[in-house]
Amino acid sequence: MRKSLLLYLFVFTALLAVYIYVSGQSMLKSKEEKIEQLQEDLALAEQKVESLSSDAEGQQESFSLVTNEEALSYLENRGLDPSDVIEKVESELISRNKADADNDLVPYEGMDGHFRINKIKLLNQKWILASFTDGTYWGDLFLTYEIGEDGNLEITTKEALLYTPN
């Protein structure tokens, strides 16, 4: 009786070991397949992100004086160096930021300080986008500029947008 009990116990243990081994192998195989599928999905997602970011960079650079061939040609035909124009316009806008007053191109009065222009983007030989802030409130400006024959720079605010706080 004792021998048959030990034999049954041995057979049961062997069957249990085989079941655990087979079950573990199938679970391992399914997890490896899932990992491979996730790696493929990740590679596709990375390619898509890279594609979208390169498209976004292209879109962002498409509206810039630096990449606008027609605007560059216009400035060069007038005898102006585009890099000098960019520097002149940016320094003029920033120089209008005063310590004790709002920038005169911003048509709003600062609420938590004085409005100052902090970001500038020249779109072409005539248009500028700029951001302004007083530290709490912020907005955007659409400006035009003209460089006269005598080299004087005239900047005019066409539109302004002040964002409401959330």
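Up top you'll find the structure we're talking about.
Quick summary incoming for the structure in this document. (Residues numbered from 1 in each chain as written. Predicted model: local features only at pLDDT ≥ 70, side-chain atom pairs only at ≥ 80, totals over all residues. Heavy atoms only, no water.)

**Some points on the packing of aromatic side chains**
Applying the stated criterion across every chain yields a total of four aromatic pairs. On the basis of an interplanar angle of 65 degrees and a centroid distance of 5.7 Å, the ring pair of Trp127 and Phe142 is categorised as edge-to-face. Of this pair, Trp127 sits in strand S2 (residues 127–133) while Phe142 sits in strand S3 (residues 138–147); the two residues are 15 residues apart in sequence, bridging distant segments of the chain. Residue Trp127 is classed as partly exposed on the basis of its relative accessible area, which comes to 40%. For Phe142, a relative accessible area of 24% corresponds to the partly exposed category. Aromatic ring contacts, followed pair by pair, group Tyr108, Phe115 and Phe132 into a single cluster. (Phe/Tyr/Trp six-rings, centres within 6.5 Å; stacked < 30°, edge-to-face > 60°. Helix = DSSP H or I, 4+ residues; strand = E, 2+ residues; numbered from the N terminus. Buried < 20%, exposed > 50% of the residue type's maximum accessible area, 1.4 Å probe, protein only.)

**Observations concerning the pattern of salt bridges**
Where charged atoms from two side chains of opposite charge approach closely, those side chains can pair. Taken as a whole, this structure holds four salt bridges when the rule is applied. Across the salt bridge formed by Glu149 and Arg78, the nearest N and O atoms sit 3.7 Å from each other. Of the two residues, Glu149 sits in the loop between S3 and strand S4 (153–162) while Arg78 sits in the loop between helix H2 (69–77) and helix H3 (82–95), which places them 71 residues apart along the sequence. Overall, Glu149 belongs to the exposed group, its relative accessible area being 77%. For the salt bridge of Asp104 with Arg96, the shortest nitrogen-to-oxygen distance reads 3.5 Å. Each of the salt bridges in this network shares a partner with another, and the network as a whole consists of Glu92, Arg96 and Asp104. (Salt bridge = Lys/Arg side-chain N within 4 Å of Asp/Glu carboxyl O.)

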